[in-house]
Amino acid sequence: LLENIEVRRRRVTFLIMSSCRRTLLVLVSLVSANAYTLNGGIYTRPHHAPMVRPGFTTMGMDIGELIEDAKKTRLEHLEAQAISALEVAVEKFERPVFPNAMIVGDCIITHLLGKIGALESGKAKVMVVDTYHLFDDTMPFLESVEAKYNFKAEVFGPVGISSPRNLSPETFAEFDKKYGANLWKEDIEQYDKVCKVEPFQRGLKELDADIMINGRRRDHGNERAYIDIAEIAPIGGGLAKLNPLAYWTLEDCFDYAAAQGVPLHPSVERGYPSQGDAKDTVPVPDPEGLSGVKGEAGSVKWVKGEWTGDKSIWLDYASERRGRFVNLLNKDGSKKTECGIHVAGAEKTFDRDLWDTTESVIELSTPEDVAALKGSGKDAVVVVYAPWCQYCQAMEDDFSKLSAETGLPTYKFRGDEQREFVEAEMNTKSFPTINYLSATGDLIKYESEDRSVAAMATFAKSPPVAA
């Protein structure tokens, strides 16, 4: 892949040399009345030479023209380089997939894929992850982009939600019932896994991607400072990853969008340089300074190719996403800067139930099953769980050994599909919740987070008395 891209890069570079040469030849400006610079060197004018009148015009081209010509040449080169890389993905791979978050760079890639006919032909699939917490105008914007470039994106959301596109209030209620309205507040890592990583990986798997196209760039920040235009991703055990905008800057993206009429997410007109979840994304600047820049919301914005305000606030290195992940912290206390999709380990998804191959843990399928067990007069241990929960996954082996350690039967009940019931009847606020069931039908909650066999067995053998 890298060799193919390098060959094309050389060809592109050769084709634009004439344009570059014209730019280089006019890189002349006056340092003073008697000195000038030429391509970085300072030269003193001989005393007998005719005086050149100071001004902004040299060799028939004024400085404004020079700057615009240089920008135009740069954008032509970047476009050709990105198209060359995308053509490799489309021509040399069988199932290229482009996960599109509709941020500025992704809008550029969408345009480029449309320009080479890869969208209308279906050669490149576009995939969108709907977290059910996006801006209200994100999915409608997707529909307008689909209409413009004549394609239909594949949309993936949290597992178990019936609507493929979150365009009605009913789907919010469905999400809240299954996962909880405050999941992102209670456990941001689990939220990322449920709403971003798992749907993302499921999408790549269902579309059978052999190369993933994405909009990561070096100027996004330290985590991406050394990415190349192509790489082997940690995701999926070797899936190729193409970063066609790796060497672009955010300013290049906006300049290109203005020059080519590329539609951008409507929120850029309201002061948002990057588009993520509405719950933790703020404009830059924002009135409270949550983005790191305090100021009136919308005082910097981009409307139909024109800037308002100090654009450097958006365009400085690593500044595009400064309004994202607001007030979200990683477990080590550091500020969150990634959602987990593009990091090693993101391929570890769980598309099966827990305790599905062991006979030591008995399934309770319905609330009626739970009621029957409570009325049976048996002592037992019952875990309320969700198969996507990393803490439930982590205790799978130990809980399967608990019955042999205690002599008590052990049961499981999937709580994420019966949230109201488990909150009211099974002491459950989060997953996993482990309960000792007494012969009198009382459920006594295990309060410790030590879920080792020994710790759970000690609790089950000597549970506290029910209140």
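Residues numbered from 1 in each chain as written. Predicted model: local features only at pLDDT ≥ 70, side-chain atom pairs only at ≥ 80, totals over all residues. Heavy atoms only, no water.

A. Looking closely at the nonpolar core. Among the nonpolar cores identified, the biggest contains 53 residues, and Ile108, Leu113 and Leu264 are the most heavily contacted of them. When contributions to this core are tallied by element, the ones reaching two or more residues are helix H3 (63-92), helix H4 (104-115), strand S7 (125-129), helix H5 (138-149), strand S9 (211-213), strand S11 (240-242), helix H9 (250-260) and helix H10 (312-315). A total of 8 residues in this core trace back to one element, the largest contributor, which is H3. Setting aside residues no more than four positions away along its own chain, Leu113 makes contact with Leu86, Phe98, Ala118, Leu119, Ala124 and Ile213. Grouped together as the second largest cluster of nonpolar side chains are 49 residues, Tyr132, Leu328, Phe399 and Ile444 included. (Core = buried A, V, L, I, M, F, W, Y, C linked by side-chain atoms within 4.5 Å. Buried < 20%, exposed > 50% of the residue type's maximum accessible area, 1.4 Å probe, protein only. Helix = DSSP H or I, 4+ residues; strand = E, 2+ residues; numbered from the N terminus. Contact = heavy atoms within 4.5 Å.)

B. View of the pairing of strand S6 (residues 96-99). The alternating pattern of S6 places Pro96 and Phe98 and Val97 and Pro99 on opposite faces, both of which are buried. Of the pairings in the sheet, the one linking S6 to S9 comprises 2 bridges and is parallel in character. Residue Val97 lies in a different strand from S9, and its bridge partner there is Met212. Bridge count for S6 against S7 is 3 bridges, and the pairing is parallel. The partner of Val97 across the bridge, within S7, is Lys125. (Pairing = 2+ DSSP bridges.)

C. Looking closely at the packing of H3 against H4. Orientation of H3 relative to H4, taken along the N-to-C sense of each, is 70 degrees, at an axis distance of 10 Å. Here H3 lies roughly perpendicular to H4, going by the angle between them. Between H3 and H4 lies a crossing whose hand is right-handed. Here H3 contributes Glu79, Ala82, Ile83 and Leu86 to the contact with H4, which in turn contributes Leu112, Leu113 and Lys115. Class assignment for the residues of the contact of H3 with H4 results in 5 nonpolar, no polar and 2 charged. (Axes fitted to C-alpha atoms, helices over the stretch in contact; angles between N-to-C directions. Parallel < 35°, antiparallel > 145°, perpendicular 65-115°, else oblique. Left-handed = near helix turned anticlockwise from the far one by under 90°. Nonpolar A, V, L, I, M, F, W, Y, C, P; charged D, E, K, R; others polar.)

D. Geometry of helix H16 (residues 453-461). When H16 is considered as a whole, its buried residues turn out to be Val453, Ala455, Met456, Ala457, Phe459 and Ala460. Buried residues along H16 sit in contact with strand S15 (380-385), helix H13 (396-400), helix H14 (402-406), strand S17 (433-437) and strand S18 (443-445).

E. The arrangement of empty space enclosed by the protein in detail. If you walk through the whole model with that rule in mind, you get 2 cavities of 30 Å³ or more. If you add up the space inside the second largest cavity, you get close to 40 Å³. Lining the second largest cavity, in full, are Asn100, Met102, Cys107, Thr110, Phe141, Val145, Tyr149, Val262 and Pro263. Those elements giving two or more residues to the lining of the second largest cavity turn out to be H4 and H5. Among the elements that take part in the lining of the second largest cavity, H5 stands out by supplying 3 residues, more than any other. Of the residues in the lining of the second largest cavity, the class split is 7 nonpolar, 2 polar and no charged. (1 Å grid on protein atoms, 1.4 Å probe; cavity = no way out; pocket = protein on both sides within 12 Å on 5 of 7 lines; lining within 4 Å. Points joined across faces, edges and corners; volume = space filled by probe spheres on them.)

F. Local environment of the side chain of His220. Relative to the helices and strands, His220 is located in the loop between S9 and strand S10 (230-232). The class for His220 is buried, based on a relative accessible area of 5%. Within the local environment of His220, its side chain forms a polar contact with the backbone nitrogen of Arg217, the two atoms lying 3.1 Å apart. A polar contact is formed between the side chain of His220 and the side chain of Glu320, at a distance of 3.1 Å. In this structure, His220 is in contact with Gly215, Ala318, Glu320 and Arg321, ignoring residues within four places of it in sequence. (Polar contact = N/O pair within 3.5 Å; in protein donor to acceptor, adjacent residues only side chain to side chain.)

G. Focus on unusual backbone geometry. In this structure, Pro285 follows Val284 across a cis peptide bond, with omega equal to -5 degrees. When you line up the elements, Pro285 lands in the loop between H9 and strand S12 (301-303). Geometrically, the link from Phe431 to Pro432 is a cis peptide bond, its omega value of -10 degrees lying close to zero. Checked against the element boundaries, Pro432 lands in the loop between helix H15 (419-425) and S17. Of note, Tyr132 is a non-glycine position whose phi angle comes to about 70 degrees, a positive value. Among the secondary structure elements, Tyr132 is positioned in the loop between S7 and H5. Even without being a glycine, Trp355 presents a positive backbone phi close to 55 degrees.

H. Looking closely at the sheet that holds S6. Pairing is mixed in the open sheet, where 6 strands are placed in the order S8-S7-S6-S9-S11-S10. With partners counted over all chains shown, the strands left at the sheet margins are strand S8 (154-156) and S10, one partner each. With strand direction ignored, the average angle separating the axes of adjacent strands in the sheet is 25 degrees. In terms of strand pairing, S9 meets S11 through 3 bridges, oriented parallel. Its bridge partner lying in S11, Ile213 is registered against Leu242.

I. Broad picture of the pairing of strand S16 (residues 410-414). Summarising burial for S16: 4 of the 5 residues are buried, a large majority. Both strand S14 (residues 361-364) and S16 contribute to a ladder of 4 bridges, which runs parallel. Note that in S16 the partner of Glu363 across the bridge is Lys412. Direction of pairing for S15 relative to S16: parallel, over a ladder of 5 bridges. Across the sheet, Val381 pairs through a bridge with Thr410, a residue of S16.

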